Amino acid sequence: MKNPIGIKDIAEMLGISVSTVSRAFRDTHDVNPITRQKVLSLAKELNFKPNKNASALASGSTKNIGVVIPFITNYYFSTVISGIQEEAYEQDYNIILYVTNDSIVREQNLLENLSTSSLDGLLISISSDSYTHEHFERLMAKGLPIVFFDRVPNDIAASKVVQDDFAGAFQATQFLLESGAKRIAHIAGPKDLNFTQQRLNGYLEALKHFNMPIDNSLIVHSGFSQLHGSEDTNKLLTLPQPPDAIFAVNDRKAVGAILTIKKHGLQIGVDIGVIGFTNDPISTVVEPNLTTIEEPAFDIGKRSCALLIRHIKNKNFEIQDIILPGTLVVRDSVVNKTS
């Protein structure tokens, strides 16, 4: 019987080295795209399929990507994971999921005990109380490629993929102002998180742009849950001059605000307008439906995974910051009082 076709045969037919054929199958950055296409075309013609396990072993690659997230039940993160999975599948990688339950202690323990030999790289969205970068920097010092997404650390030299939190917050606040609101409160997230700061800055910049006074009593920092949104809103409603609109750092806090405002016998949109940030499905379940800034969650997952794979394949690939725009979704929780 004739021996089956191997990498060596393809190399001889094309007049190139075996190592070039091997790198072409692995899609490394140092293979000419035309050469790679010739290898793939001939392999398809000969019905040759490379042994992935052998290829991974030879290259030192595991074809595994670790994904570290605060939550798995959260709509936003489940959508991000879908985007990561889509890109990983297209590029023949597997993902291994790690959940921190939004705890820096668990995040540190997880990363300190991580077997880096079983992973080619990491995608990370940090916990809300993540105040130190040392556990990330130790892994990066070992040469493990890391890309941060959504919740990203400040002042760390690594690629990041985020939504445009500043612009989204500016747009949300502008929409409330143009709808006739005069005293806009912001129920924010934990102070140390980058995207909390960006959304707060967008809110403040919109007030300045429209020559509106900044009242620090209208800014409340807490967590991200519906309960936090309810507690924050209760505080705001006890002020001598309560707000006539609320911009929430996310939709879950916005829903907490809506339910609390209704319990106080006030009318959403008319007495107090509410706008969120995410476009969680709960936005269309709560009554009235929530106006919000839609985050490009799927695209964030897909782009961050694609960027990590670039870093995996080329250790010298330059650090990138990718910022994706959000979209204003107008519903019923804000009523235009100027028309």
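Residues numbered from 1 in each chain as written. Predicted model: local features only at pLDDT ≥ 70, side-chain atom pairs only at ≥ 80, totals over all residues. Heavy atoms only, no water.

Caption draft 1: The arrangement of the packing of aromatic side chains in detail. All chains considered together, the criterion is met by five aromatic pairs. Their ring planes at 45° and their centres at 5.7 Å tell us that Phe 25 and Phe 48 sit as a pair that is tilted. Residue Phe 25 is located in helix α2 (residues 18–26), and its partner Phe 48 is located in the loop between α3 (33–45) and α4 (52–59); the two are separated by 23 residues in the primary sequence. Exposure class is identical for Phe 25 and Phe 48. Each is buried. (Phe/Tyr/Trp six-rings, centres within 6.5 Å; stacked < 30°, edge-to-face > 60°. Helix = DSSP H or I, 4+ residues; strand = E, 2+ residues; numbered from the N terminus. Buried < 20%, exposed > 50% of the residue type's maximum accessible area, 1.4 Å probe, protein only.)

Caption draft 2: Representation of the sheet that holds strand β3 (residues 121–124). What the six strands build is an open sheet, ordered β2-β1-β3-β4-β5-β11; its pairing is parallel. Of all strands in the sheet, those with a lone pairing partner are β2 (94–99) and β11 (321–324), marking the two edges. This sheet shows a mean twist of 15° between the axes of neighbouring strands, independent of strand direction. As paired elements, strand β4 (residues 146–149) and strand β5 (residues 159–163) share three bridges and run parallel to each other. If you follow Phe 149 over to β5, its bridge partner there is Val 161. (Pairing = 2+ DSSP bridges. Axes fitted to C-alpha atoms, helices over the stretch in contact; angles between N-to-C directions.)

Caption draft 3: Region of the structure containing helix α12 (residues 297–313). Taking 1.5 Å as the rise per residue, α12 with 17 residues should run 24 Å; its terminal C-alpha atoms sit 25 Å apart, in good agreement. Within the span of α12, buried status applies to Ala 297, Ile 300, Gly 301, Ser 304, Cys 305, Leu 307, Leu 308, Ile 309, His 311, Ile 312 and Lys 313. (Expected span 1.5 Å × (residues − 1).)

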